[in-house]
Amino acid sequence: MITTQHSVVLNGVKYVWIKVKSALVKSGLKDYTYALNPYVGCYHGCNYCYARAYVRYPDVRDNWGYVVYIKENLPQILRSEVRKLKPAVVGLGTTTDPYQPIEAVTKITRESLNTLLKNRFKVVIQTKSSLVIRDLDILKERKDLVELGFTITTLDQNLSRALEPRASPPKARVEALRKAASAGIRTWIFLGPIIPGVNDSPESIKEVLEVARESSSTVYYDWLRFKPGLESFFSYLNIDLSRYLSGDEYKIWRRKTSQTILKICEELNVKCASEFNEYSIT
Ligand code: SF4
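Since we're looking at a predicted model, the values are computed, not measured.

### Remarks on the pattern of salt bridges
The final tally for this structure, using the stated rule, is 15 salt bridges. For Arg-61, the salt bridge is made with Asp-62, and the minimal N-O distance between the two is 3.8 Å. Looking at Asp-62, the relative accessible area reads 56%, which means it is exposed. A salt bridge links Arg-134 to Asp-135; the nearest nitrogen and oxygen atoms lie 2.8 Å apart. Assessed through its relative accessible area of 0%, Asp-135 is described here as buried. A cluster of three or more residues bridged by salt bridges with shared partners is formed by Glu-103, Arg-110, Arg-134, Asp-135 and Asp-137.

Printed below as a string of structure tokens:
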């Protein structure tokens, strides 16, 4: 349940300040006890994003990347929730990016992170933004409780701009990852989504895995998911959706690509795992 407060339009994006009644949500992801998402919707507007399929608010879902709800009272609600809970594992940004540009102003993620770490909750952050480095001071203080993951789909600037038009460019993500790793933060790279014919070449994969090697990051990888709302993305890529939905071809491609990834990981001595068990290749 939310209460809508006020809104502004900045650079073509409508920001709506809302009040929420709860902060932590039980997570359905196997490694997290709770999920915390300071924002509904995401300015990064990645073309392949299927988070929109899980959003209840039509305004956000139908204008993905152009409407973002800001949970302005999240830090206060979180403070009162953690007082009543045992420390557990929190996924910060499981649905949408917790470090999208408005965070530079609102500092909701920063405040929430502070509260969680002070109360000995373990926090796993996933982002595509170099803004997270702003919070390196907090992260360093409790590095025993922190893991920081960057999604890196490709190191090709132009391809990244086409896929993830408003996220930090790959170079900036890599630089942020290196800074965090050199500060002693446990880091990982999410290589995904891997898309047939787009970022699945051994060369493209190897470039990302080299970054993992240098920064001693673990790599998790995953495939493109077919979710409602992505039809225009598929036609933009010229992917024959019906062919992939039939399953077999996609299964063969996944097996081959997985073998490539695991082989390169082995060569580079990078720890590497498929993100979701149902797609693990045996
Ligand atoms: S950063 Fe993540 S949540 Fe945001 S648009 Fe991209 S894929 Fe979706």
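### Notes on the nonpolar core
By size, the foremost hydrophobic cluster in this structure holds 85 residues, and its most contacted members are Leu-36, Leu-113, Leu-209 and Ile-261. Residues in contact with Leu-36, not counting those within four places in the same chain, are Ala-23, Leu-24, Leu-74, Leu-78, Val-90, Gly-91, Leu-92, Gly-93, Thr-94, Ser-112 and Leu-116.

### Side note on the sheet that holds strand 12 (residues 272–274)
Adjacent strands of a sheet pair through backbone hydrogen bonds, lying either parallel or antiparallel. With mixed pairing, eight strands are arranged side by side in an open sheet as 3-4-7-8-9-10-11-12. The open sheet has two edge strands, strand 3 (25–26) and strand 12, and neither has a second partner. Sheet topology note: the strand 11 (residues 218–223)/strand 12 ladder contains three bridges and is parallel. Within strand 12, the residue paired with Val-219 across the bridge is Cys-272. Running over the sheet, helix 4 (residues 108–118) touches strand 4 (34–36), strand 7 (89–92), strand 8 (122–127) and strand 9 (146–151) and is turned about 155° from strand 8.

### Overview of the side chain of Thr-115
Along the polypeptide, Thr-115 turns up in helix 4. Looking at Thr-115, the relative accessible area reads 9%, which means it is buried.

### Regarding the confidence of the model for the protein chain
Atom-level detail of predicted coordinates should not be read off regions where pLDDT is low. Here the protein chain averages 91 in pLDDT, and 93% of its residues register 70 or above. In this model, residues 277–282 is a region of pLDDT below 50 whose contacts with residues beyond four sequence positions or in other chains number eleven contacts.

### Focus on the environment of Trp-223
Positionally, Trp-223 belongs in strand 11. For Trp-223, a relative accessible area of 1% puts it in the buried group. Measuring from C-alpha to C-alpha, the distance between Trp-223 and Pro-193 comes to 4.7 Å, with 30 residues separating the pair along the chain.

### A few points about the packing of helix 2 (residues 74–83) against helix 4
Packing of helix 2 against helix 4 brings their axes to within 9 Å, and their N-to-C directions diverge by 10°. Considering the angle they form, helix 2 stands roughly parallel to helix 4. For the pair helix 2 and helix 4, the contacting residues are Leu-74, Pro-75, Leu-78, Arg-79 and Val-82 in the first and Ile-108, Glu-111, Ser-112, Thr-115 and Leu-116 in the second.

Definitions and cut-offs
- Numbers given for residues are sequential positions, taken from 1 along each chain in its written order.
- Local features in this predicted model are restricted to residues whose pLDDT is 70 or higher, and side-chain atom pairs enter the listing and the counts only when it is 80 or higher, whereas totals over whole chains, interfaces and linings include all residues.
- Water and hydrogen atoms play no part in the side-chain values, which are based on all heavy atoms of the structure.
- One side-chain nitrogen of Lys or Arg within 4 Å of one carboxyl oxygen of Asp or Glu is enough to make a salt bridge.
- Relative accessible area decides the class of each residue, using a 1.4 Å probe on protein chains only: under 20% of the type maximum gives buried, over 50% gives exposed, and in between gives partly exposed.
- Among the buried residues, those of types Ala, Val, Leu, Ile, Met, Phe, Trp, Tyr and Cys that are joined through side-chain atoms within 4.5 Å form a nonpolar core.
- Note on definitions: a residue-residue contact is assigned when non-hydrogen atoms from the two residues lie within 4.5 Å.
- Here a strand pair is declared whenever DSSP counts at least two bridges between the two strands.
- Strands here are runs of E lasting at least two residues and helices are runs of H or I lasting at least four, both read from the DSSP assignment and numbered beginning at the N terminus.
- Angles shown run from 0 to 180 degrees and are taken between the N-to-C directions of axes, each axis being a line fitted to C-alpha atoms and, for helices, limited to the stretch in contact.
- Confidence of the prediction at every residue is given by pLDDT, a number between 0 and 100.
- Any angle that falls under 35 degrees is termed roughly parallel, while one over 145 is termed roughly antiparallel, one within 65 to 115 roughly perpendicular, and all others oblique.

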